[in-house]
Amino acid sequence: MPAVDIPGSKSVTARALFLAAAADGVTTLVRPLRSDDTEGFAEGLARLGYRVGRTPDTWQVDGRPQGPALPEAEVYCRDGATTARFLPTLAAAGHGSYRFDASEQMRRRPLAPLTRALRDLGVDLRHEAAEGHHPLRIEAAGVEGGEVTLDAGQSSQYLTALLLLGPLTRKGLRIRVTDLVSAPYVEITIAMMRSFGVEVAREGEVFVVPAGGYRATTYAVEPDASTASYFFAAAAVTGREVTVPGLGRGALQGDLGFVDVLRRMGAEVEIAEDGTTVRGTGSLRGLTVAMRDISDTMPTLAAIAPFADGPVRIEDVANTRVKECDRLDACAENLRRLGIEVATGEDWIEIRPGTPAPAEIKTFGDHRIVMSFAVTGLRTPGISFDDPGCVKKTFPGFHEAFGELAAGWGIPLTPSR
């Protein structure tokens, strides 16, 4: 059976870089993701004065529990949401003057709930242009800690940033959360903090994080479950079989739950200790599914939905409107370009069965739109993309890996570039 080697998780790599920078000692990250986002995060750490040594398979980070080595720095966060949200939080725990900016795409994405919470904790933080958006400046003097209230209904990354900050504060943090989306990503954060020596407690809607700092360690980064979704979907939609090694029963990432959606649609799924296998059965059933907790895989499902035998309705995904692009509208527009009937609401999309016709996919510079509709292209020869190269954000070698899988199945693909 074809096995696909998926690069390391973006979410895990970003958290691991923060934890390594904050820890006491030298941390080794094994098989971290090397992509535009994670390279941008590592570059941001270097701009702040952290030492990051990189070889092809491992990165080493010299931790500084006291915060950035440089008293002044300017950091460009590129397109990376984790970089843009986590690094200012890390810098706030140090002492110095730090300015952060990002790409036009990232400047549009919201930061307000996080920066409001940081200000409530006494951080001197100023937005230089639009309130609640990059660019911003922090005059850091450490963080005392205490209790803070956070709305994480737009992004779980706001909560992750504060959880990661907690052990670096003088008194620890009690974070009261009024709304939370993508909860499995918070579980990743808490599990990884445990690996670096910190135990987070939960009292109802309050997360309790002790002061005391992190311990350096050696940390292996598991394959990216969101990226794996395209290969699992490819098997389901073509009636073929694929295995992703390294993503099994013990996986941290909630997005592996996408295979349960494929199982409900009729695919055969086997989750073992050391990997997951999906086999297509030649047919896909329509369904209604809430994807709030695995919303990064919403475009993957939308892209294969036309091949189901009934409507596919995806609900509770309002937060996908504030990702790299408005993913609900992007999926709807591209499905209509392919001749598929679609309806959308504030937090849902419903896709009718149909036979997609070849068209150029409008990517909106979003890596997940490209990778999702590449799956559609397995059954619809002639699909092309206006910006196929934007996959560099998380998987620079995606087109080669996907083409290799398709060739192994005897399916010719339209060249993507």
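Before reading further, recall that the structure is shown in the block above.
This is a predicted model, so every value here is computed, not measured.

Visitor: Run through the pattern of salt bridges, naming residues and quoting values.
Guide: A complete count under the given rule lists 38 salt bridges for this structure. The partner of Arg78 in a salt bridge is Glu43, and the shortest N-O contact between them spans 2.9 Å. A residue pair is termed long-range when its members are at least 10 positions apart, and Arg78 in the loop between β5 (72-76) and α3 (81-92) and Glu43 in helix α2 (residues 36-47) qualify at 35 residues. You can call Glu43 partly exposed: its relative accessible area is 33%. A salt bridge links Glu324 to Lys393, with the nearest nitrogen and oxygen atoms 3.4 Å apart. Taken together, the residues span a long stretch of sequence, with Glu324 in the loop between β19 (312-315) and α11 (327-337) and Lys393 in the loop between β23 (384-385) and α13 (398-408) at a distance of 69 residues. Assessed through its relative accessible area of 7%, Glu324 is described here as buried. Take Lys393: its relative accessible area is 5%, and that puts it in the buried class.

Visitor: Can you explain the sheet that holds strand β6 (residues 95-101)? Please cite residues and give values.
Guide: One open sheet holds the four strands; their spatial order is β5-β6-β8-β7, and the pairing between them is mixed. Strands with a single pairing partner mark the edges of an open sheet, and in this sheet they are β5 and β7 (124-127). Averaged over all pairs of adjacent strands, the angle between their axes in this sheet comes to 15°, without regard to strand direction. In terms of strand pairing, β7 meets strand β8 (residues 136-141) through four bridges, oriented antiparallel. Bridged to His127 within β8 is Leu136.

Criteria and cut-off values
- Residues numbered from 1 in each chain as written.
- Predicted model: local features only at pLDDT ≥ 70, side-chain atom pairs only at ≥ 80, totals over all residues.
- Heavy atoms only, no water.
- Salt bridge = Lys/Arg side-chain N within 4 Å of Asp/Glu carboxyl O.
- Helix = DSSP H or I, 4+ residues; strand = E, 2+ residues; numbered from the N terminus.
- Buried < 20%, exposed > 50% of the residue type's maximum accessible area, 1.4 Å probe, protein only.
- Pairing = 2+ DSSP bridges.
- Axes fitted to C-alpha atoms, helices over the stretch in contact; angles between N-to-C directions.

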